[in-house]
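Examining the three-dimensional arrangement
Next come the chains, spelled out residue by residue.
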Amino acid sequence: AAKPKLWYFPGRGRMESIRWLLAAAGVEFEEEFLETREQYEKLQKDGRLLFGQVPLVEIDGMMLTQTRAILSYLAAKYNLYGKDLKETVRINMYADGTQDLMGMIMMAAFKPPEEKEENIALIVTKAKTRYFPVFEKILKDHGEDFLVGNKFSWADVQLLEAILMVEELNASVLSDFPLLKAFKARISNIPTIKKFLQPGSQRKPPADSHYVDVVRHVLQF
Ligand SMILES: CCCCC[C@H]1O[C@@H](O)C[C@@H]1SC[C@H](NC(=O)CC[C@H](N)C(=O)O)C(=O)NCC(=O)O
């Protein structure tokens with residue numbers, strides 16, 4: 001089968017969780033980076049962007065947009081979505097929560113530089129007071145290696161992604177969360193994820209001013 005193909009800017013944004021999930025599932029994928037307005041307008045003209053937006057993923061003969069729809073499709077396709085509806089809804093709850101946290105980080109890149117410190121402090125506080133305590137408790141109460149059932153799922157992939165992103169803002173953020181520390185080590189050692197965390201993988205670096213400039217240029221805002 002043809003490899004999935006991803007169209008997005010040359011950075012994390014909303015596509016990074018899709019890259020993580022494909023990588024965790026051991027699925028190789030191709031990428032097309034949008035750096036010019038023309039590339040974006042061609043996708044629109046060709047009718048590939050349902051709502052005129054990216055991420056865009058071509059997979060199984062479909063042109064998929066809407067990040068959550070894509071992630072859900074991939075989670076189900078690669079058996080990372082629970083054994084029944086009750087597990088699936090927990091995975092969705094946990095994934096929505098980590099998406100909310102990562103969304104704050106994603107948008108911070110587009111805020112004025114003078115607000116950067118304040119934004120980072122707010123994100124780290126939210127992580128330490130709202131999100132990480134929830135996952136620490138889940139791991140404690142559940143008493144398993146993974147967040148849902150006793151099987152690796154999309155929820156585990158996304159929590160690791162979120163932990164690493166917050167640690168980029170504050171390296172000691174897990175100091176009060178011993179179970180999350182152990183979770184991070186455990187999930188990082190899953191072979192497909194370990195490979196994705198090696199230099200040279202398709203994992204993207206944190207957003208920088210060049211990335212913001214490219215996005216602003218392509219989307220003309
Ligand atoms: C001020 C912040 C702007 C962020 C812009 C983009 O940079 C990324 O870091 C985040 C977004 S992604 C690009 C943006 N895509 C979306 O907003 C998709 C939202 C959709 N619900 C999804 O989940 O896929 C885009 O195509 N916009 C064109 C436009 O709506 O006409």
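Before any of the text, the structure's been laid out above.
Moving on to the site of the ligand. By nearness alone, 17 residues border the ligand, and Gln-53, Val-54, Gln-66, Thr-67 and Tyr-211 come closest of all. One nitrogen or oxygen atom from the main chain of Val-54 is found 2.8 Å from a nitrogen atom belonging to the ligand. Between the ligand and Gln-66 there is a distance of 2.7 Å, counted from a nitrogen atom to a side-chain nitrogen or oxygen. For the ligand, the protein covers 73% of the area, taking 730 Å² as the surface of the free molecule. Within the residue set of the shell around the ligand, elements represented by two or more residues are helix H4 (85-108) and helix H9 (209-219). Residue classes in the shell around the ligand are distributed as twelve nonpolar, four polar and one charged.

It is worth spelling out the side chain of Thr-67 at this point. As for its position among the elements, Thr-67 is in helix H3 (residues 67-77). Judged by relative accessible area, Thr-67 falls into the buried class, the value being 11%.

The rules behind the values
- Residues numbered from 1 in each chain as written.
- Predicted model: local features only at pLDDT ≥ 70, side-chain atom pairs only at ≥ 80, totals over all residues.
- Heavy atoms only, no water.
- Near = heavy atom within 4 Å.
- Polar contact = N/O pair within 3.5 Å; in protein donor to acceptor, adjacent residues only side chain to side chain.
- Areas by Shrake-Rupley, 256 points an atom, 1.4 Å probe, with all protein chains shown as cover.
- Helix = DSSP H or I, 4+ residues; strand = E, 2+ residues; numbered from the N terminus.
- Nonpolar A, V, L, I, M, F, W, Y, C, P; charged D, E, K, R; others polar.
- Buried < 20%, exposed > 50% of the residue type's maximum accessible area, 1.4 Å probe, protein only.

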